[in-house]
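This is what each chain is made of:
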Amino acid sequence: MSAYVILGASGNSGSIVADSLLSKGKKVRVVGRDAGRLQRFVHKGADAFTGNVSDPVALTKAFRGARAAYLMLPPITFREDQERESDAIAQAVTDSGLRYAVHLSSYGAHVPEGTGPVTGLHSSEQKLNAIGGLNVLHLRAAYFMENNLAAISMIQEMGIFGHALLPDLKLPMMATRDVGNYAAKRLLDLDFSGKQTRELLGERDLTMAEATAIIARGIGKPDLRYVQFPYDQMEQVLEQMGMPPKKAAVYIEMFKAINAGVLAAQEPRSPENTTTTSFEEFVQDVFAPAYHGNPSLRSAS
């Protein structure tokens, strides 16, 4: 039985894909840099493959003989790293002869430049599209609900939710678990051919002001309000959180692209691109537990 290869298996969406396939009795090969973080999948019957996503030789070994793969770039460090990683993945897909892949991309990946980290996903899509014989489905996922977890310390220390995004701009927001569930289903079905894209737009569009109001109710802070920060102030906040200035600037570029409507969904909302988890459910299941003391939940990938 050919294996399904999962990149980023210890991350939010990759872990859902791996668990889903394992629960169906499928042969799964989980790939990651940290062998320790892969052990929980090994206990469920997966094969662990320790390797770096920027190493095409290691990835080729991981992909060889696979039925299909879940492809994703790690959370961005720098744009140059994104290019190196997508080069390695594309090279490994080519050299291994992989036939099917579901690739985690982002809404807005149709835009070639000026969208921060999403520019790297546009580039990754293009590289995979250039591979003859590869059937690839690019999942252009909405703004992750988990991105809002970064505001927890600000809410606790300052009593506000501050961000650079416009307060009243409707955004498609989705839970990473819905990405994982959707990707797992498409990997099982392999019902795509050639080069395809599918936007995933979450349960509904929300403004940051609306999201903040839902968070306020969920954590028992009814006075919590959303404050739009100027871009330079937001950049300082990101750097204070530990981001290198170069990385912070990439995120500011993305926020500007969202505010300007450059980074926006292209598909009309439909049953096919609408996912199930509401923002209220996300706050109840993930945000509130993280806010009230489970720091392991405070990340997204």
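Further up the page is the structure itself.
Residues numbered from 1 in each chain as written. Predicted model: local features only at pLDDT ≥ 70, side-chain atom pairs only at ≥ 80, totals over all residues. Heavy atoms only, no water.

Peer 1: Explain the nonpolar core here, please?
Peer 2: Across soluble globular proteins, you tend to see nonpolar side chains buried next to one another. Within the largest apolar cluster, 54 residues are counted, with the highest numbers of intra-cluster contacts made by Leu59, Phe63, Tyr70, Leu71, Ile89 and Val93. Once you skip the residues sitting within four places of it in the chain, Leu71 turns out to touch Leu7, Phe63, Ile89, Val93, Ala101, Val102, His103, Leu104 and Leu128. (Core = buried A, V, L, I, M, F, W, Y, C linked by side-chain atoms within 4.5 Å. Buried < 20%, exposed > 50% of the residue type's maximum accessible area, 1.4 Å probe, protein only. Contact = heavy atoms within 4.5 Å.)

Peer 1: Help me out: how do you make sense of the environment of Ala66 in this one?
Peer 2: Secondary-structure assignment places Ala66 in the loop between α3 (56-63) and β4 (68-71). Here the alpha-carbon distance between Ala66 and Ser106, two residues 40 residues apart in the chain, equals 25 Å. Excluding anything up to four places from it in sequence, Ala66 contacts Ser2, Ala3, Val5 and Leu98. (Helix = DSSP H or I, 4+ residues; strand = E, 2+ residues; numbered from the N terminus.)

Peer 1: Sorry if this is basic, but what is going on with unusual backbone geometry here?
Peer 2: Peptide bonds are mostly trans, and most non-glycine residues show a negative phi. The phi torsion at Leu190 lies on the positive side, around 45°, for a residue other than glycine. Counting through the fold element by element, Leu190 comes out in the loop between α7 (176-189) and β10 (195-200). A relative accessible area of 14% means that Leu190 is categorised as buried.

Peer 1: Hey, could you run me through the packing of aromatic side chains in this one?
Peer 2: Where two aromatic rings form a pair, the distance of their centres and the angle of their planes describe that pair. Taken as a whole and assessed by the stated rule, the structure comprises five aromatic pairs. Seen from their ring centres, Tyr100 and Phe192 are 5.7 Å apart, and the 80° between their planes marks the pair as edge-to-face. Taken together, the positions of Tyr100 in strand β5 (residues 100-106) and Phe192 in the loop between α7 and β10 put the pair 92 residues apart, joining distant regions of the chain. Look at Phe192 and you get buried, because its relative accessible area is 2%. Between the aromatic rings of Tyr251 and Phe255, the centroid separation amounts to 6.4 Å while the plane-to-plane angle is 45°, which identifies the pairing as tilted. With Tyr251 and Phe255 both in helix α10 (residues 245-259), this residue pair falls four residues apart, about one helical turn. The rings of Phe279, Phe282 and Phe287 are connected pair by pair, giving a single aromatic cluster. Lying over the aromatic face of Phe78, Lys246 brings its terminal NZ or CZ to 5.5 Å of the ring centre. For Lys256, the ring lying beneath its charged end belongs to Tyr231, and the centroid distance is 5.3 Å. (Phe/Tyr/Trp six-rings, centres within 6.5 Å; stacked < 30°, edge-to-face > 60°. Lys NZ or Arg CZ within 6 Å of the ring centre and 35° of its normal.)

So, to be careful, I would describe these as geometric facts and stop short of saying anything about function.
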